[in-house]
Structures are given as structure tokens and as C-alpha cells.
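# Analysis of the macromolecular model
Each chain, written out:
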Amino acid sequence: MDCDDELKKWFYEQANLHISSLNIRFREKCVIKEAMKNKIMNCLRENAITTDDFDSRFTSWCRNSFMVCDIGSERFLCDMKSKKPVLLYENMYEVYKKIHIETAHAGRDKCLDALSINYSWFNRELLQICLKSCSSCQQRKSIKRPTVSKPIIALEFMTRVQMDLIDMRTRPDMNPNGKTYKWILQLKDHFSKYCWGRALQKKEAREVYDCVREIFFQFGPPHILQSDNGREFVNELINSLEADFPGMNIVHGRPRHPQTQGLIERANAILSDALGKCYQKEISR
Ligand SMILES: [Zn+2]
């Protein structure tokens, strides 16, 4: 039995334990199993009323909670309210795992958001169990950073944008046409926490400038652009940016000063953490 089969087995053991710990009234309907799905779909057939297989309570529960949808050539049992296909208990492990990996090993709430795009009847507690089984998350806990004592206040989107370079020289990324990327430029809007990331081949003003300019042409320049320090983003870059965006103020945060660079470094930690998990995946493949 390989590792994933074992994790899957563990997941369903824990899931069954959780379900059997519930009040008996909730047990049958907290997740929809294949057999239950078939029973519901039978109950929802047009001529099903005449049979004695379903009592009136079950029938009204089915009619109020579900509908059958044809998506492509297949029939799906969907939730009446959200119109999304029911995530069957038997498929939960695979789907939770897939979503968790697709969201770069996100936590419970982000995974729930992602699940709600395509599914209904997923289960928060069982998702939590699945997240516990992720070995990458267990092995790699985020790097702790000093806490920020004084927050920087930004009043709206693009008031203050912080910029930083992440050194990826130890793990460069080579794309198929032979370009090697060794740096990641990261910009973060202080108000919305929205981040932009760009892969760079070199830590050069020209490359940084092109990326920053492209972003500001799309989103508009911020009032304040805060960068790590002058060594990393040399004068040439500042001059070019000031010429393009005369209203923008460029501020230098003291290098590694937790109060001024706190936000972007936290974002860097999140990004490098996510990338680290992806790398780990690549290596263990
Ligand atoms: Zn994970």
C-alpha cells in the first residue's frame, strides 16, 4: 500500500469516527454517500410518488434540498439552493486534496471558498481532517517573523505599495525556452493586501523597472512606493520611475526594519512557504 492509500484510509477512518460521534439525527444527512445519492435520485424521479419506498418526510426533504441537473451527458444530484453538484462522501478525500494543492496548500477557509465554486454538501470538519493528513503542511511550518508593533495605515487601494525582491538563486526556475529565473519581484498593496509577483532573471534595475511599470500602467501608480533599500533598487530605477510617474513618492524603508517592511516580509514568507511546498512536491515525485 503506498503512502497516499494509507492517508486515504486514515482520512476515512477519522471521518467515520467524526460522523459516528454526531447526534443520530445528523449522522445520515451530514454527508451524502453514493447509496443515499441513488436513493434521492430515485425519489426525485417523476413517477416515484406512487411507491412506498420513501416516506413523506424523506420525499419532502429530497424535494426541498435537491434537484437533478444534466451537465453534459451526465446526470448530477445538485443542491437546490446553490445549484452546485453534491460532493459525494466517497470522492471527498480526492477532491479536498486536489483543492488544497491547487490553492498552494491553503488553510481551511480558503479551501472552503474554493470548494464552494464547484460543489455543495462538502463538510468543514472532514476537510479539516484531510488538511491534517497533508504531509507537506506537517513538514513545513511557516517561518516565524518578528511581530509588527506599529501598523502602517493605508486608507485605500494603491495608497501605499511595498516592493521587495525574493532571492531564489538557490532554487532557480528554468522555463522551456532556456530562460532562468532567479529572483521574484513582489509588490503588495498595503490596504487590500493584494500582491503581484513577477519572475526576474537578474536583480537589475531594468528588469525591475519593466515589471513595476507594467503593473502601474494597469493599476495606476500608488501614492507611495516603499522599497527595501537603495542597494537593491538602484538609483537608475528610481529615476526612471519618477520620470514615468511624477506624482509618486518613493520611500525607503530601513532594511529589515520590522515596522516598515513587516507586511511585505510576511507576504514573502507566505509566498516562499507556498513555493517551498511545491518544490517539496517536485522533489518527492
Ligand atoms: Zn498541504
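For every chain, the first residue of its written sequence is number 1, and the numbers climb from 1 along that sequence. Only residues with pLDDT of at least 70 are given local features in this predicted model, and only at 80 or more are side-chain atom pairs given and counted; all residues enter the totals for whole chains, interfaces and linings. Remark: hydrogens and water are excluded; side-chain values derive from all non-hydrogen atoms of the structure.

### A look at the overall build of the protein chain
Stated formally: Helix and strand definitions here come from DSSP, where helices need a minimum of 4 consecutive H or I residues and strands a minimum of 2 consecutive E residues; each element is numbered from the N-terminal end. Note on classification: 1.4 Å probe, protein chains only; a residue is buried when its accessible area is under 20% of the maximum for its type, exposed when over 50%, partly exposed between these limits. Note on contacts: a residue pair qualifies if any of its non-hydrogen atoms lie within 4.5 Å across the two residues. Per-residue and other accessible areas follow the Shrake-Rupley method at a 1.4 Å probe size, with only the shown protein chains counted as cover for residues.
In terms of regular secondary structure, the protein chain is built from 11 helices and nine strands. Here the protein chain, with 285 residues, has 40% of them falling under the buried criterion. Pairs at least 24 apart in sequence give 62% of the contacts found in the protein chain among residues at least 6 apart. Entry remark: accessible area of the protein chain is about 17200 Å², with carbon and sulfur atoms responsible for 52%.

### Comments concerning the coordination of the zinc ion
What counts, and what does not: With water omitted from the atoms examined, metal sites may look incomplete; donors here are N, O and S atoms no farther than 2.8 Å from the metal, or 3.2 Å in the case of Na, K and Ca. For a four-donor site, all angles between 85 and 135 degrees give tetrahedral; for four or six donors, opposite pairs above 155 degrees with the remaining angles between 65 and 115 give square planar or octahedral; all remaining cases count as irregular.
The protein atoms donating to the zinc ion are His100 (NE2), His105 (ND1), Cys134 (SG) and Cys137 (SG), with metal-donor distances spanning 2.0 to 2.3 Å. Each of the four donor atoms around the zinc ion contributes to a set of angles spanning 101 to 121 degrees, which defines the coordination as tetrahedral. Here the donor residues for the zinc ion map to a single chain with the spacing H-x4-H-x28-C-x2-C. One end of the pair, His105, is in the loop between helix H5 (92–102) and helix H6 (108–118); the other, Cys134, is in the loop between helix H7 (124–132) and helix H8 (135–139), with 29 residues separating them in the sequence. Accessibility expressed as a relative area gives 10% for His105, which makes it buried.

### Section: the packing of aromatic side chains
Operational definition: The aromatic pairing rule takes the rings of Phe, Tyr and Trp, using the six-membered ring of Trp, and pairs them if the centres are within 6.5 Å, calling planes under 30 degrees apart stacked, those over 60 edge-to-face and the rest tilted.
Counted under the stated rule, the structure contains 14 aromatic pairs. On the basis of an interplanar angle of 75 degrees and a centroid distance of 5.6 Å, the ring pair of Phe216 and Phe245 is categorised as edge-to-face. Of this pair, Phe216 sits in helix H9 (residues 205–219) while Phe245 sits in the loop between helix H10 (235–244) and strand E9 (249–252); the two residues are 29 residues apart in sequence, bridging distant segments of the chain. Considered together, Phe216 and Phe245 belong to a single accessibility category, that of buried residues.

### Focus: the pairing of strand E7 (residues 195–200)
Successive side chains on a regular strand alternate, one facing one side of the sheet and the next facing the other. The cut-off we apply is this: Here, any two strands with at least 2 DSSP bridges between them count as paired.
Of the strand pairs in this sheet, strand E6 (residues 183–189) and E7 are connected by six bridges, and their pairing is antiparallel. When the sheet's bridge partners are listed, Trp183 is paired in E7 with Leu200. Count of turn residues in the E6/E7 antiparallel hairpin: five residues, of which Lys193 carries a positive phi of about 65 degrees.

### With respect to H10
Note on helix geometry: an α-helix contains 3.6 residues per turn, so any two residues three or four positions apart are oriented the same way. Rule in force here: Along the arc lie the directions from the helix axis toward the C-beta atoms.
Within the span of H10, buried status applies to Leu237, Ile238 and Leu241. Take H10 and look down its axis: the buried residues cluster within an arc of 95 degrees, on one side only. Residues of H10 that are exposed and angled more than 90 degrees away from the buried face: Asn235 and Ala243. Buried-residue contacts for H10 involve strand E3 (160–167), H9, strand E8 (224–227) and E9.

### As for the layout of surface pockets
For clarity, the cut-off: Lining residues are defined by having an atom within 4 Å of a point belonging to a cavity or pocket. Those points lie on a 1 Å grid over the protein atoms alone, cavities being sets where a 1.4 Å probe fits but cannot get out and pockets being open sets with protein on both sides within 12 Å along at least five of seven lines. Grid points are joined across faces, edges and corners, and a volume is the space filled by probe spheres set on the points. The residue classification treats Ala, Val, Leu, Ile, Met, Phe, Trp, Tyr, Cys and Pro as nonpolar and Asp, Glu, Lys and Arg as charged. All others, Gly included, are polar. Domain extents, as shown, originate in an automatic or database domain assignment.
For the largest pocket, the calculated volume is near 500 Å³. Of all the secondary-structure elements, those providing two or more residues to the lining of the largest pocket are E6 and helix H11 (258–284). Looking at side-chain class alone, the lining of the largest pocket contains nine nonpolar, five polar and six charged residues. Two domains each put at least three residues into the lining of the largest pocket: domain 1 (3–139) and domain 2 (160–284).

### Here's the deal with the pattern of salt bridges
Counted only if it meets this: Here, a salt bridge means any Lys or Arg side-chain nitrogen found within 4 Å of an Asp or Glu carboxyl oxygen.
Inspection of the entire model under this criterion finds 10 salt bridges. Residue Arg198 is joined to Glu214 by a salt bridge in which the shortest nitrogen-to-oxygen separation is 3.0 Å. Taken as a pair, Arg198 in strand E7 and Glu214 in helix H9 lie far apart in primary sequence, 16 residues in all.

### Here we look at the environment of Tyr93
Examined against the element boundaries, Tyr93 turns out to sit in helix H5. Here Tyr93 falls in the buried class, since its relative accessible area comes to 1%. Residues Tyr93 and Lys9 lie 84 residues apart in sequence; the distance between their C-alpha atoms is 9.5 Å. Setting aside anything within four residues of it in sequence, one finds Tyr93 in contact with Asp4, Leu7, Lys8, Phe11, Tyr12, Cys130 and Ser133.

### Side note on the sheet that holds E3
To summarise the sheet geometry, strands pair through backbone hydrogen bonds and adopt either a parallel or an antiparallel arrangement. Our working rule: Every angle, taken between N-to-C directions, lies between 0 and 180 degrees, and every axis is a line fitted to C-alpha atoms, over only the stretch in contact when it is a helix.
Here we have five strands laid out as an open sheet, ordered E7-E6-E3-E8-E9, and mixed in their pairing. The strands lining the two open edges of the sheet, one partner per strand, are E7 and E9. Strand-to-strand twist in this sheet, taken as the mean axis angle between neighbours without regard to direction, amounts to 20 degrees. Sheet strands touched by H9: E3, E6, E7 and E8. Its angle to E7, the strand with the most contacts, is close to 150 degrees.

### Re the side chain of His18
The topology assignment puts His18 in helix H1 (residues 3–20). Take His18: its relative accessible area is 19%, and that puts it in the buried class.

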